[in-house]
Amino acid sequence: MTDDTDLLPEGLEDRLPREAATTTRAMRSIQDVMHGHGYDRVLPPMIEFEKSLASRMAGIQSRRMFRFVDPSSLRMMALRSDFTPQIGRIAQGRLAGAARPLRLMYAGQVLTIKGDGLDPAREKLQCGAELIGADNVAAAIEILIVAIEALQAAGARSVSVDFTLPDLVDTLAAKAFPLEPGAIEAVRRELDTKDAGGLRDAGGEAYVPLIYATGDFDGAIEKLAAIDAGGALASRIAALREIAAAIAPTGARLTLDPSERHGFEYQSWFGFTLYAEGVRGLLGRGGTYRIAGANAGGEGEVATGFSLYPDALIDLIAQSEPLSDKVFLPLGHDREVAARLRSIGWRTAAALSEGDSAVSLGCSHTLDGGEVVALA
Ligand SMILES: N[C@@H](Cc1c[nH]c[nH+]1)C(=O)O
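Residues numbered from 1 in each chain as written. Predicted model: local features only at pLDDT ≥ 70, side-chain atom pairs only at ≥ 80, totals over all residues. Heavy atoms only, no water.

**Considerations on the UniProt feature "binding site: L-histidine" (unreviewed entry) in the protein**
UniProt tags Asp82, Phe83, Thr84, Gln126 and Glu130 as "binding site: L-histidine" (unreviewed entry). In three dimensions, the annotated residues from a span of 49 residues occupy one location, with a maximal C-alpha spread of 12.8 Å. Non-local contacts of Phe83, meaning those with residues more than four positions away in its chain, are made with Pro44, Tyr106, Ala107, Gly108, Gln109, Val110 and Gln126. Summarising the element assignment, Glu130 is placed in strand E6 (residues 123-132). Separated by 2.9 Å, the side chains of Glu130 and Thr84 make a polar contact. (UniProt positions renumbered as here; feature names shortened; annotations may be inferred. Contact = heavy atoms within 4.5 Å. Helix = DSSP H or I, 4+ residues; strand = E, 2+ residues; numbered from the N terminus. Polar contact = N/O pair within 3.5 Å; in protein donor to acceptor, adjacent residues only side chain to side chain.)

**Some points on the packing of aromatic side chains**
In total, this model carries 7 aromatic pairs according to the counting rule given. Between Phe177 and Tyr207 the ring centres are 5.5 Å apart and the planes differ by 75°, which places this aromatic pair in the edge-to-face class. Pair noted here: Phe177 is in the loop between helix H5 (168-174) and helix H6 (183-193) and Tyr207 is in the loop between helix H7 (196-201) and helix H8 (208-212), with a separation of 30 residues, a long-range link. Each member of the pair, Phe177 as well as Tyr207, is classed as buried. Centroid distance Trp269 to Phe270: 5.3 Å. Interplanar angle 35°. Geometry classified as tilted. Residue Phe270 is classed as buried on the basis of its relative accessible area, which comes to 0%. A network of ring pairs unites the aromatic residues Phe163, Phe217, Trp269, Phe270 and Phe272 as a single cluster. Across the ring face of Phe49, the terminal group of Arg75 is positioned such that the distance to the ring centre comes to 3.7 Å. (Phe/Tyr/Trp six-rings, centres within 6.5 Å; stacked < 30°, edge-to-face > 60°. Buried < 20%, exposed > 50% of the residue type's maximum accessible area, 1.4 Å probe, protein only. Lys NZ or Arg CZ within 6 Å of the ring centre and 35° of its normal.)

**A word on the pattern of salt bridges**
Under the criterion given, the structure shown has 16 salt bridges. For Glu50, the salt bridge identified is with Arg67, shortest N-O distance 3.3 Å. Pair noted here: Glu50 is in helix H2 (residues 50-54) and Arg67 is in strand E3 (residues 67-69), with a separation of 17 residues, a long-range link. Owing to a relative accessible area of 16%, Glu50 belongs among the buried residues under this scheme. Residues joined in a network through salt bridges with shared partners are Arg15, Asp311 and Asp315. (Salt bridge = Lys/Arg side-chain N within 4 Å of Asp/Glu carboxyl O.)

**Structural notes on the sheet that holds strand E4 (residues 76-79)**
Strand order across the open sheet formed by 3 strands is E2-E4-E3, with antiparallel pairing between neighbours. The two strands at the open ends of the sheet, each matched to only one other strand, are strand E2 (47-49) and E3. If you compare each strand with its neighbour and ignore which way they point, the axes differ by 35° on average. Sheet analysis places E2 next to E4, joined by 3 bridges and oriented antiparallel. Looking at E4, one finds that Glu48 is bridged to Ala78. (Pairing = 2+ DSSP bridges. Axes fitted to C-alpha atoms, helices over the stretch in contact; angles between N-to-C directions.)

**Some words on the site of the ligand**
Near the ligand you find 14 residues, and of these Thr84, Tyr266, Arg285, Ser307 and Tyr309 are the closest. Within the side chain of Glu130, an N or O atom sits 2.9 Å from a nitrogen atom of the ligand. Measuring from an oxygen atom of the ligand, one finds a side-chain N or O atom of Arg285 at 2.5 Å. Burial of the ligand by the surrounding chains reaches 97%, relative to a free accessible area of 300 Å². Taken together, the elements giving at least two residues each to the shell around the ligand come down to E6, strand E11 (284-291) and strand E12 (301-308). (Near = heavy atom within 4 Å. Areas by Shrake-Rupley, 256 points an atom, 1.4 Å probe, with all protein chains shown as cover.)

**Considering the sheet that holds strand E1 (residues 40-41)**
With mixed pairing, the 9 strands of this open sheet are ordered in space as E1-E5-E6-E12-E11-E10-E7-E9-E8. Looking at the sheet topology across the chains shown, the edges are occupied by E1 and strand E8 (215-216).

**Considerations on the pairing of strand E15 (residues 365-368)**
Look at any regular strand and the pattern is simple: side chains alternate between the two faces of the sheet. Bridge count for strand E13 (residues 326-329) against E15 is 2 bridges, and the pairing is parallel. The partner of Val327 across the bridge, within E15, is His365. Two elements, E15 and strand E16 (residues 371-374), share 4 bridges in a ladder whose sense is antiparallel. By the bridge assignment, Thr366 is partnered in E16 with Val373. Taking the residues between adjacent antiparallel strands as the criterion, E15 and E16 are bridged by 2 residues, where Gly369 takes a positive phi near 55°.

**Some remarks on the nonpolar core**
In this structure, Leu144, Val161, Phe163, Tyr207, Leu224 and Leu274 are the most contacted members of the largest nonpolar core, which totals 75 residues. With 12 residues, the top contributor of residues to this core is helix H4 (residues 137-154). Setting aside anything within four residues of it in sequence, one finds Leu224 in contact with Leu165, Leu210, Ala213, Leu233, Ile237, Leu256 and Pro258. One finds Met65, Leu104, Ile132 and Ala303 within the second-largest nonpolar core, a separate group that totals 20 residues. (Core = buried A, V, L, I, M, F, W, Y, C linked by side-chain atoms within 4.5 Å.)

**Brief notes about helix H11 (residues 311-318)**
Residues separated by three or four positions in an α-helix point in the same direction, a consequence of the helix having 3.6 residues per turn. The set of residues buried in H11 consists of Asp311, Leu313, Ile314, Ile317 and Ala318. Looking straight down H11, one finds that the buried residues subtend no more than 160° of arc, so they occupy a single side. In this fold, the buried residues of H11 make contact with helix H1 (17-36), E6 and H4. (Arc of directions from axis to C-beta.)

Now the structure itself:
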């Protein structure tokens with residue numbers, strides 16, 4: 001019998017021991033990589049003022065955040081839907097005086113009111129790293145290498161990286177391919193759907209070749225370079241080539257979709273999406289951006305970072321990860337021997353009554369006269 005009190009709302013779920021064990025292992029592997037590259041972990045709260053989450057970077061929408069009035073302060077609060085604005089707040093707040101570049105990392109859960117596209121999950125694991133004070137090619141290369149290594153350490157196979165230029169339309173519209181102010185949104189929309197006819201109708205004829213500059217990086221970047229935008233894209237193309245060459249040794253497959261902007265709410269000149277073989281949907285996203293703050297100047301402080309969303313990867317690999325061994329401790333066992341076993345890495349499960357056995361407690365081994373013996 002299941003009654004209402006046993007149900008969870010749509011898009012929320014429990015992870016049972018097997019998946020939870022893989023979650024712990026994968027999150028640890030990811031954090032070990034970020035930590036190894038010099039990133040320090042910070043732990044922001046789950047909830048904060050809506051304003052500070054939504055105003056830190058241009059383009060953030062609080063529409064998808066769970067929001068409510070704080071009964072105590074009577075101010076509008078929100079549950080975090082993304083760690084990055086919180087890291088920005090910390091970097092611009094208590095760590096405003098810390099030396100730059102500042103390397104911070106985070107891991108935890110984020111929540112949104114609605115799932116994203118085909119993915120109904122409203123709560124997700126998110127972990128990532130932010131490099132604050134730099135948004136140049138060197139920063140982009142470091143961030144990408146850390147992200148790819150972290151995914152590989154978590155167990156992802158055949159990682160692929162899709163590059164994008166999040167502010168491409170703004171850059172081109174500024175001079176090379178001018179657009180009526182009212183046409184910019186329409187051109188962005190038609191580029192999203194890759195509709196050449198719609199683009200022409202919206203007055204964006206010059207933007208049509210962008211639709212075809214997609215696919216495998218080497219071919220697509222040639223096509224992008226062939227678009228004569230009066231030099232407006234030259235430095236970006238050179239930067240993308242440099243980044244691609246630098247991350248080639250990771251073995252990740254590279255693609256380019258210069259006008260892709262889904263999920264890139266606040267990124268600036270450089271953005272990327274991460275995928276892996278067998279994993280449905282994206283595994284991560286990142287890029288360059290600016291953080292607003294009283295000390296950051298009118299333009300904001302530059303930064304580069306990435307976020308991983310490892311849930312789908314965990315679901316894929318949990319079934320094939322061996323459960324760790326466990327030693328059954330019979331009634332009356334020697335507690336010192338058991339403590340010594342744990343200190344060298346064994347897990348133990350002790351009998352509480354005569355009825356408990358190695359099998360009923362799910363053990364792989366048993367302690368027999370001071371010796372660890374594998375169950376037949
Ligand atoms: N937080 C962004 C990715 C990102 C991190 N840093 C810069 N961009 C996201 O989840 O989409």
